[in-house]
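Architecture at a glance
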Amino acid sequence: MFLDLRDQWPPVPPPGPLPESGKPRLGKRAERIIGLIVAINLALLVLLPLVGSPVIQAIAALFATLHR
């Protein structure tokens, strides 16, 4: 007088293969373009903190000399 859930009846069929998505794969040109975009973004991620600090300091110095 208990509920046994270990064995399901009728047996559940095994899952089938997943359906393919309708999205086409990228071509060689598209892969190169995306790779170039990623490379540019990584370069900017590294370079902008180094370049940004002197630019901010120069703007601050410019405003400091204008307001004296």
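Here, every reference points to the structure presented above.
Residues numbered from 1 in each chain as written. Predicted model: local features only at pLDDT ≥ 70, side-chain atom pairs only at ≥ 80, totals over all residues. Heavy atoms only, no water.

Focus on the overall build of the protein
Along the backbone of the protein there are 1 helix and 0 strands. Against the globule reference of 11 Å for 68 residues, the protein gives a C-alpha radius of gyration of 30 Å, more extended than a compact globule. The principal-axis extent of the C-alpha atoms belonging to the protein is close to 90 × 45 × 15 Å. The proportion of buried residues among the 68 residues of the protein is 0%. Measuring between centres, the 7 positive side-chain charges of the protein sit 26 Å from its 4 negative side-chain charges. (Helix = DSSP H or I, 4+ residues; strand = E, 2+ residues; numbered from the N terminus. Rg over C-alpha atoms; globule rule 2.2 N^0.38 Å. Buried < 20%, exposed > 50% of the residue type's maximum accessible area, 1.4 Å probe, protein only. Lys, Arg positive; Asp, Glu negative; His and termini not counted. Charge placed at Lys NZ, Arg CZ, Asp CG, Glu CD.)

A few points about helix α1 (residues 28-66)
The terminal C-alpha atoms of α1, which comprises 39 residues, lie 54 Å apart, in line with the 57 Å expected from a rise of 1.5 Å per residue. At Leu-47, α1 is bent by approximately 40°, the largest bend along its length, and proline Pro-49 sits one to four residues beyond. (Expected span 1.5 Å × (residues − 1). Bend = angle between axes of the 7 residues up to and from the residue.)

Digging into the environment of Leu-62
Looking at where Leu-62 falls in the secondary structure, it is placed in helix α1. Taking relative accessible area as the criterion, Leu-62 reaches 48% and is therefore assigned partly exposed. When the C-alpha atoms of Leu-62 and Asn-41 are compared, they prove to be 30 Å apart, with 21 residues separating the residues in sequence.

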